[in-house]
Amino acid sequence: MKEVIAIIRPNTVSKTVKALDVVGFPAVTMAECFGRGKQKGYFSANLPEIVDIQKIIEEGEKEGRFIKYIPKRLISIVVDDADVPLVVGIISKVNRTGSFGDGRIFVLPVEEAIRVRTGETGEIAIGN
Amino acid sequence: MKMIKAIVRPDKVDDIVDSLENAGYPAFTKINSVGRGKQGGLKVGEIFYDELPKTILLIAVNDDEVDEVVGLIKSSASTGNFGDGKIFIQPITEAYTIRTGETGI
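Quick notes on the rules
- Residues numbered from 1 in each chain as written.
- Chains lettered and ligands numbered in written order.
- Predicted model: local features only at pLDDT ≥ 70, side-chain atom pairs only at ≥ 80, totals over all residues.
- Heavy atoms only, no water.
- Axes fitted to C-alpha atoms, helices over the stretch in contact; angles between N-to-C directions.
- Helix = DSSP H or I, 4+ residues; strand = E, 2+ residues; numbered from the N terminus.
- Left-handed = near helix turned anticlockwise from the far one by under 90°.
- Contact = heavy atoms within 4.5 Å.
- Nonpolar A, V, L, I, M, F, W, Y, C, P; charged D, E, K, R; others polar.
- Buried < 20%, exposed > 50% of the residue type's maximum accessible area, 1.4 Å probe, protein only.
- Arc of directions from axis to C-beta.
- Polar contact = N/O pair within 3.5 Å; in protein donor to acceptor, adjacent residues only side chain to side chain.
- Buried area = accessible area lost by both parts, 1.4 Å probe.
- Salt bridge = Lys/Arg side-chain N within 4 Å of Asp/Glu carboxyl O.
- Pairing = 2+ DSSP bridges.

Residue and element names in this part refer to chain A. Where helix 1 (residues 13-22) meets helix 3 (residues 84-95), the closest approach of the two axes is 10 Å, and the angle between their N-to-C directions is 145 degrees. For the pair helix 1 and helix 3, the sense of crossing is right-handed. Taking contact as the criterion, the partners of Lys15, Thr16, Ala19 and Leu20 in helix 1 are, on helix 3, Val87, Ile90, Ile91, Val94 and Asn95. Looking at the contact of helix 1 with helix 3, its residues break down into 6 nonpolar, 2 polar and 1 charged.

In structure tokens:
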């Protein structure tokens, strides 16, 4: 089993969850969070024309465009090993705008899953 | 790659983020949460607090950068009192940038 953690824009959460639901992954955990990437929270008014990170940081510093903690949403979904590429593909496709700040997806191993209601363990616990 | 999950005091987050940025690790995710440690919370007079406000910092780094980042978090989050928090390290098998679809951090 793998846990897919996606940190995405707040306004694409409902679209992402709907798309996952359609292909058979209705169970998700979501959390409000804040974060930033390698642009250090600086942003450019000319996005997405500027694709050079150093330029964005320079322009942002000059014009004072800076957000230290950018609002994001964290989606966590536990799936079988075989379903990881599908889930990653759907999340990427729905969230890709081409601008900085689209987010990141991490895949972490999960050793055990237990359904509290019945006590089932393993892959049965994360199935439908 | 490793995911460093640090549960720290909310008022130390700014210090940690600044020290990580100066060392060349600008990217992170921050989640506000509540929790308690093995002291089972905090008792002030008659009032018992078992949901103490904490902040979770998620930082994804390469394997050889783990020690440096953990050292920076430890030094800037520490006050020497109970409640400074914990740091957990988990493996990451894959990482993707959504904008480009590239793998890796």
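A few words now on helix 1 of chain A. All names here are of chain A. When we look at burial in helix 1, the residues that qualify are Val13, Thr16 and Leu20. Down the axis of helix 1, the sector holding all buried residues measures 65 degrees, keeping them to one side. Helix 1 presents Ser14, Lys15, Lys18 and Val22 as exposed residues on the side facing more than 90 degrees away from its buried surface. Where helix 1 is buried, its residues touch strand 1 (2-8), strand 2 (29-36), strand 3 (70-79) and helix 3. Directly beyond the C-terminal end of helix 1, a positive phi value near 100 degrees is found at Gly24.

Residue and element names in this part refer to chain B. Its place among the elements puts Asp84 in the loop between helix 2 (66-77) and strand 6 (85-91). At a separation of 2.9 Å, a polar atom in the side chain of Asp84 contacts the side chain of Arg9. Within polar-contact distance, the side chain of Asp84 engages the side chain of Thr79 at 2.7 Å.

Okay, the interface of chain A and chain B next. With 31 residues of chain A at the interface, the matching set in chain B holds 29 residues. Note on chain A versus chain B: buried area summed over both sides is about 2700 Å², and carbon and sulfur give 61% of it. Applying the counting rule to chain A against chain B returns 3 salt bridges. Where Lys68(A) meets Asp14(B), a salt bridge forms, and the shortest distance between an N and an O atom there is 3.5 Å. Here chain A is connected to chain B by 14 residue pairs in polar contact (both at pLDDT 80 or more). Only strand 1, strand 2, helix 3 and strand 4 (104-109) of chain A provide two or more residues apiece to the side of chain A that touches chain B. The dominant element in the side of chain A that touches chain B, judged by the number of residues it contributes, is strand 4 of chain A, at 6 residues. Pairing geometry for strand 2 of chain A and strand 2 (residues 28-35) of chain B, over 3 bridges, is antiparallel. Its bridge partner lying in strand 2 of chain B, Arg36(A) is registered against Phe28(B).

Turning our attention to helix 2 (residues 53-63) of chain A. Every buried residue of helix 2 of chain A is listed here: Ile56(A), Ile57(A), Glu59(A) and Gly60(A). Following helix 2 of chain A by one or two positions, Gly64(A) adopts a phi angle in the positive range, close to 75 degrees.

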